[in-house]
Amino acid sequence: LDKREGDFKVLTDPVELLSLRLGEADVDAIPSRASFNFKGTNSGTANMVVWWFEAQLSETDPSVVLTNAPTFLDGRHAATCWGQAAAEIAHTQVLKGESTEIL
């Protein structure tokens, strides 16, 4: 996303989809499907969902993080060479200021 390739517009605030502790998480407890509500920051038709990871590397210093978050959405950390993953979704209308469920 940081390369701004293509014609896209970010329509919602980021939402945390999953949080787990490596070495402690129960793999069977992780849902294979879920729906999420996103708050619209712009109006438009959503047709893709983009995700990234954020790994906290220190229990004593939460600012020590490895992430591939797009810097134009989350400027807390430097950009990396990794891009974000994306998947096509059914076209969904998003309205600014309203909550939209995306499966």
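Described below are features of the structure shown in this document. All values derive from a computational prediction rather than experimental measurement.

1. Focus: a nonpolar patch on the surface
Alright, step 1. On the surface, a nonpolar cluster with roughly 700 Å² of combined accessible area is contributed by L17, L18, L20, L22, V27, I30 and W51.
Alright, step 2. If you trace the backbone, L22 turns up in the segment before β1 (36-39).
Alright, step 3. Residue classification places L22 among the exposed positions, given a relative accessible area of 78%.

2. A word on the nonpolar core
Alright, step 1. Counting residues in hydrophobic clusters, the biggest one holds six residues: L11, F38, A46, I89, V94 and I102.
Alright, step 2. With near-sequence residues (within four places) excluded, V94 lies in contact with L11, T12, G40, N42, S43, G44, A46 and T100.

3. Notes on the packing of aromatic side chains
Alright, step 1. A full pass over the atoms with the stated rule returns two aromatic pairs.
Alright, step 2. Ring centres 6.4 Å apart and planes at 45° place the aromatic pair F8 and F72 in the tilted group. Note that F8 is positioned in the segment before β1 and F72 in the loop between β4 (65-67) and β5 (85-94), a separation of 64 residues in sequence.
Alright, step 3. Overall, F72 belongs to the partly exposed group, its relative accessible area being 28%.

4. Focus on the environment of N37
Alright, step 1. Note that N37 resides in strand β1.
Alright, step 2. Considered as a pair, N37 and L66 are 29 residues apart in the sequence and their alpha carbons are 26 Å apart.
Alright, step 3. Sequence-distant contacts of N37, that is, excluding residues within four places in its chain, are made with V15, S99, T100 and E101.

5. Observations concerning the pattern of salt bridges
Alright, step 1. Per the stated rule, a full pass over the model turns up four salt bridges.
Alright, step 2. In this structure, E24 and R21 form a salt bridge, with 3.2 Å as the shortest nitrogen-oxygen distance.
Alright, step 3. Owing to a relative accessible area of 58%, E24 belongs among the exposed residues under this scheme.
Alright, step 4. When its relative accessible area of 46% is taken as the criterion, R21 is described as partly exposed.
Alright, step 5. E59 is the partner of R21 in a salt bridge, and the nearest nitrogen-oxygen pair spans 3.0 Å. Taken together, the residues span a long stretch of sequence, with R21 in the segment before β1 and E59 in the loop between β3 (54-56) and β4 at a distance of 38 residues.

What counts, and where the lines are drawn
- Residues numbered from 1 in each chain as written.
- Predicted model: local features only at pLDDT ≥ 70, side-chain atom pairs only at ≥ 80, totals over all residues.
- Heavy atoms only, no water.
- Patch = residues over 30% accessible without salt bridge, like charges linked within 9 Å, V, L, I, M, F, W, Y side chains within 5 Å.
- Areas by Shrake-Rupley, 256 points an atom, 1.4 Å probe, with all protein chains shown as cover.
- Salt bridge = Lys/Arg side-chain N within 4 Å of Asp/Glu carboxyl O.
- Helix = DSSP H or I, 4+ residues; strand = E, 2+ residues; numbered from the N terminus.
- Buried < 20%, exposed > 50% of the residue type's maximum accessible area, 1.4 Å probe, protein only.
- Core = buried A, V, L, I, M, F, W, Y, C linked by side-chain atoms within 4.5 Å.
- Contact = heavy atoms within 4.5 Å.
- Phe/Tyr/Trp six-rings, centres within 6.5 Å; stacked < 30°, edge-to-face > 60°.

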